[in-house]
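# Examining the three-dimensional arrangement
Here is how the chains run, residue by residue.
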Amino acid sequence: QVQLVESGGGLVQPGGSLRLSCAASGSIFRINTMGWYRQAPGKQRELVAADTSRGSTNYADSVKGRFTISRDNTKNTVSLQMASLKPEDTAVYYCYARATTTTGNALDAWGQGTLVTVSS
């Protein structure tokens, strides 16, 4: 009922920058929270950054000051600007949305994931 499509992953050198984007579509009445999670090999999925419908943002301590989340509620999109990337940022990044559908259902939607590799 809600689909998320990500773009922007790839290979980048340490210290470089990358921007991830995500667009939501489907039977959307309202998106409450949009954000990004990541999962590195052998590790659990973790929250990177999230933006609530009221405009507040949360960041993982490991990315504060380096990553910036931005959201366009009119287009149902969210982006993650990543700077000063480190090898430990290497992971599959997943877009996430908590939404209310046009039929009144509340659901969590996930994108397919986009790989970010930070390596020289």
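Residues numbered from 1 in each chain as written. Predicted model: local features only at pLDDT ≥ 70, side-chain atom pairs only at ≥ 80, totals over all residues. Heavy atoms only, no water.

### A short note on the pattern of salt bridges
The final tally for this structure, using the stated rule, is 6 salt bridges. The shortest N-O distance in the salt bridge between D89 and R66 comes to 2.8 Å. Within this pair, whereas D89 is found in the loop between β8 (77-82) and β9 (91-101), its partner R66 is found in the loop between β6 (57-59) and β7 (67-72), the two being separated by 23 residues in sequence. Connected through salt bridges with shared partners, the residues R38, E46, R66 and D89 form a single ionic network. (Salt bridge = Lys/Arg side-chain N within 4 Å of Asp/Glu carboxyl O. Helix = DSSP H or I, 4+ residues; strand = E, 2+ residues; numbered from the N terminus.)

### Notes on the nonpolar core
Residues L4, M34, W36, L80, M82 and Y93 are the most contacted members of the largest nonpolar core, which totals 31 residues. Of all the elements, β9 adds the most residues to this core, at 5 residues. Excluding anything up to four places from it in sequence, Y93 contacts E6, L20, W36, Y37, R38, V48, F67, L80, M82, G113, T114 and V116. (Core = buried A, V, L, I, M, F, W, Y, C linked by side-chain atoms within 4.5 Å. Buried < 20%, exposed > 50% of the residue type's maximum accessible area, 1.4 Å probe, protein only. Contact = heavy atoms within 4.5 Å.)

### With respect to the packing of aromatic side chains
Two numbers describe a pair of aromatic rings. These are the distance of the centres and the angle of the planes. All told, the structure shown has 3 aromatic pairs when counted by the stated rule. Ring centres of Y37 and Y96 lie 5.6 Å apart, and the angle between their planes is 70°; this geometry places the pair in the edge-to-face category. With a gap of 59 residues between them, Y37 in strand β4 (residues 28-39) and Y96 in strand β9 connect regions that are remote in the sequence. On the numbers, 5.0 Å between centres and 50° between planes, the contact of Y96 with W110 is tilted. Note that Y96 is positioned in strand β9 and W110 in strand β10 (residues 106-110), a separation of 14 residues in sequence. Among the residues examined, Y96 registers a relative accessible area of 9% and is labelled buried. (Phe/Tyr/Trp six-rings, centres within 6.5 Å; stacked < 30°, edge-to-face > 60°.)

### Re the pairing of strand β3 (residues 18-26)
Bridge count between strand β1 (residues 2-7) and β3: 6 bridges; the pairing is antiparallel. Across the sheet, residue S7 finds its bridge partner in β3, namely S21. Pairing of β3 with β8 involves 6 bridges; the strand directions are antiparallel. Each bridged residue has a counterpart across the sheet, and for C22 the counterpart in β8 is V78. (Pairing = 2+ DSSP bridges.)

### Considerations on the environment of G113
Position of G113 among the secondary structure elements: in the loop between β10 and β11 (114-118). Each C-alpha atom, one on G113 and one on A97, is 13 Å from the other, the two residues being 16 residues apart in sequence. Once you skip the residues sitting within four places of it in the chain, G113 turns out to touch E6, V92, Y93 and Y94.

### Topic: the sheet that holds β8
Here we have 4 strands laid out as an open sheet, ordered β1-β3-β8-β7, and antiparallel in their pairing. The open sheet is flanked by β1 and β7, the only strands paired with a single partner. The mean inter-strand angle of the sheet, taken between neighbouring strand axes irrespective of direction, is 15°. (Axes fitted to C-alpha atoms, helices over the stretch in contact; angles between N-to-C directions.)

### Remarks on the state of the cysteines
All chains considered together, the criterion is met by 1 disulfide. C22 shares a disulfide with C95; S-S distance 2.0 Å. Taking the torsion about the S-S bond as the criterion, the C22 to C95 disulfide, at about -85°, is left-handed. Taken together, the residues span a long stretch of sequence, with C22 in strand β3 and C95 in strand β9 at a distance of 73 residues. Take C22 and C95: they sit in the same class, and that class is buried. (Disulfide = S-S within 2.5 Å.)

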